[in-house]
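Working through the structure, step by step
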Amino acid sequence: MDLDVLGAGPAYSDRPGSSGAAYLVREDDTSVLLDLGQGSFPRLAAALEPSTLSAVVVSHLHPDHFIDLVALRHYLRWQFKPSRRVRVIAPAGLTTRLDALHDEPGFTAAVLDVEDVAPGSVRIGALDVTAARVTHTADSHAYRVAPAGSDGPALVYSGDCGRAADLDPLIRPGDTLLVEVSFGPGPVVAGANHLDGPAVGALAARARVGCVLLTHLQMGYDEAATLESVRERYSGDIRLVAPGDRFTIAS
Ligand SMILES: [Zn+2]
Ligand SMILES: [Zn+2]
């Protein structure tokens with residue numbers, strides 16, 4: 001599988017070029033996009049023809065993870081005659097929120113085939129996508145993405161997650177763990193349902209992942225200190241990802 005990082009930002013950033021969560025996973029002719037946060041639609045369009053996406057899979061309904069579905073919707077509706085459609089798997093309520101943004105009933109359903117995510121696996125072309133609930137909003141999910149039918153190493157994406165142990169059921173030894181590290185070297189402020197480096201490092205070590213890809217680092221946290229806080233607990237490969245990064249995930 002190939003992983004393209006299209007956006008790796010948190011909810012906001014002062015860094016030019018930073019854009020919201022968007023991770024493109026491809027295997028053969030299948031392409032699954034994990035989240036589509038602010039500003040990432042142009043990078044999606046540069047990576048592949050957006051109307052050919054097999055599915056967009058949304059982790060939770062915070063705008064930094066789905067707001068560029070508005071751009072995708074307009075693109076599919078107006079760029080082609082007839083318009084084209086894309087499948088979207090998301091927490092319940094996505095359609096209502098997008099329709100409200102545009103103050104237009106039917107805005108979403110015009111071109112997006114939205115399904116509610118449910119815990120468990122769904123096969124999307126050449127990929128198996130498995131969802132597990134995580135502590136964040138009332139309806140937040142992490143995902144494991146693997147080649148269809150494969151027992152080998154795969155990709156696990158945390159979404160936003162306030163409890164590292166929620167990810168354990170999805171992870172197998174050797175996996176690539178794409179994980180939020182919102183609070184850098186820590187600590188996570190009281191009441192924030194996010195992770196920090198020490199929590200990620202402990203998770204990566206006990207789950208024996210193959211490598212750790214850190215993302216969603218909030219403004220004001222030092223990158224080197226963040227990496228070190230993970231490295232103190234986990235001895236494998238650790239990267240802080242950025243838009244344009246590409247990884248091959250062996251299975
Ligand atoms: Zn977020
Ligand atoms: Zn969030």
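Here's what I pulled together on the structure shown here. The shown structure was predicted, so the numbers you read here are calculated from the model rather than taken from an experiment.

1. So, the coordination of the zinc ion (ligand 2)
On the protein side, the zinc ion (ligand 2) has His60 (NE2), His62 (ND1), His136 (NE2) and Asp160 (OD) as donor atoms, found 2.1 to 2.3 Å from it. Bound by four donor atoms, the zinc ion (ligand 2) shows angles of 91 to 164° at the metal and therefore irregular coordination geometry. Taken as a pair, the zinc ion (ligand 2) and the zinc ion (ligand 1) show a spacing of 3.5 Å, with Asp160 coordinating each metal. Here His62 is found in the loop between strand 4 (55–57) and helix 2 (69–78), whereas its partner His136 is found in the loop between strand 8 (127–134) and strand 9 (140–147), with 74 residues between them in sequence.

2. A few points about the packing of helix 2 against helix 3 (residues 94–102)
Where helix 2 contacts helix 3, the axes come no closer than 11 Å and their chain directions differ by 75°. Relative to helix 3, helix 2 is oriented roughly perpendicular. Every residue of helix 3 that contacts helix 2 at Leu69, Val70 and His74 is listed here: Leu94, Leu98, Leu101 and His102. A breakdown of the residues in the contact of helix 2 with helix 3 according to their chemical character gives five nonpolar, two polar and no charged.

3. Looking at the coordination of the zinc ion (ligand 1)
By definition of the ideal shapes, a tetrahedral metal site with four donors has angles of 109.5 degrees and an octahedral site with six donors has angles of 90 or 180 degrees. At 2.1 to 2.2 Å from the zinc ion (ligand 1) lie its protein donor atoms, namely Asp64 (OD), His65 (NE2), Asp160 (OD) and His216 (NE2). Asp160 sits in the buried class, given a relative accessible area of 2%.

4. Section: the sheet that holds strand 1 (residues 2–7)
The strand order across the open sheet built from seven strands is 6-5-4-3-2-1-14, with neighbouring strands paired in mixed fashion. Every interior strand has two partners, whereas the edge strands, strand 6 (112–116) and strand 14 (246–248), have only one. The average angle at which neighbouring strand axes cross in this sheet is 20°, direction not considered. In the sheet, strand 3 (residues 30–34) pairs with strand 4 via three bridges, with the strands oriented parallel. Residue Leu33 lies in a different strand from strand 4, and its bridge partner there is Val56. Sheet strands in contact with helix 2 are strand 4, strand 5 (86–90) and strand 6, and its direction is about 140° off that of strand 6.

5. Overview of the environment of Gln38
Secondary-structure assignment places Gln38 in the loop between strand 3 and helix 1 (41–47). Note on Gln38: relative accessible area 26%, which makes it partly exposed. Not counting residues up to four positions away in its chain, the partners in contact with Gln38 are Pro10, Ala11, Tyr12, Ser19, Gly20, Pro63, Asp64, Ile67 and Asp68. Polar side-chain contacts of Gln38 include one of 3.2 Å to the backbone oxygen of Ala11.

6. Some thoughts on the side chain of Ser158
As for its position among the elements, Ser158 is in the loop between strand 10 (155–157) and strand 11 (176–180). A polar contact of 2.9 Å, which involves the side chain of Ser158, links it to the backbone nitrogen of Glu180. Look past the residues within four positions of Ser158 in its chain and what remains in contact with it is Val134, His141, Ala142, Leu167, Leu178, Val179 and Glu180.

7. Topic: the packing of aromatic side chains
Taken as a whole and judged by the stated rule, the model has four aromatic pairs. Between Tyr23 and Tyr157 the ring centres are 5.0 Å apart and the planes differ by 50°, which places this aromatic pair in the tilted class. With Tyr23 in strand 2 (residues 22–27) and Tyr157 in strand 10, the pair connects residues that are 134 residues apart, well separated along the chain. Residue Tyr23 shares its accessibility class with Tyr157, and that shared class is buried. Ring centres 5.9 Å apart and planes at 70° place the aromatic pair Phe183 and Tyr221 in the edge-to-face group. Pair noted here: Phe183 is in the loop between strand 11 and helix 4 (197–207) and Tyr221 is in the loop between strand 12 (211–215) and helix 5 (223–231), with a separation of 38 residues, a long-range link. Accessibility expressed as a relative area gives 7% for Phe183, which makes it buried. An aromatic cluster is defined as three or more aromatic residues linked by ring pairs; in this entry it consists of Phe41, Tyr75 and Phe80. The ring of Trp78 is capped by Arg77, whose NZ or CZ atom sits 4.0 Å from the centre of that ring. Directly above the aromatic system of Phe80 lies the positively charged group of Arg84, at a separation of 3.7 Å from the ring centroid.

Parameters and conventions
Residues numbered from 1 in each chain as written. Chains lettered and ligands numbered in written order. Predicted model: local features only at pLDDT ≥ 70, side-chain atom pairs only at ≥ 80, totals over all residues. Heavy atoms only, no water. Donors = N, O, S within 2.8 Å, 3.2 Å for Na, K, Ca; no water. Tetrahedral: all angles 85-135°; square planar, octahedral: opposite > 155°, others 65-115°. Helix = DSSP H or I, 4+ residues; strand = E, 2+ residues; numbered from the N terminus. Axes fitted to C-alpha atoms, helices over the stretch in contact; angles between N-to-C directions. Parallel < 35°, antiparallel > 145°, perpendicular 65-115°, else oblique. Contact = heavy atoms within 4.5 Å. Nonpolar A, V, L, I, M, F, W, Y, C, P; charged D, E, K, R; others polar. Buried < 20%, exposed > 50% of the residue type's maximum accessible area, 1.4 Å probe, protein only. Pairing = 2+ DSSP bridges. Polar contact = N/O pair within 3.5 Å; in protein donor to acceptor, adjacent residues only side chain to side chain. Phe/Tyr/Trp six-rings, centres within 6.5 Å; stacked < 30°, edge-to-face > 60°. Lys NZ or Arg CZ within 6 Å of the ring centre and 35° of its normal.

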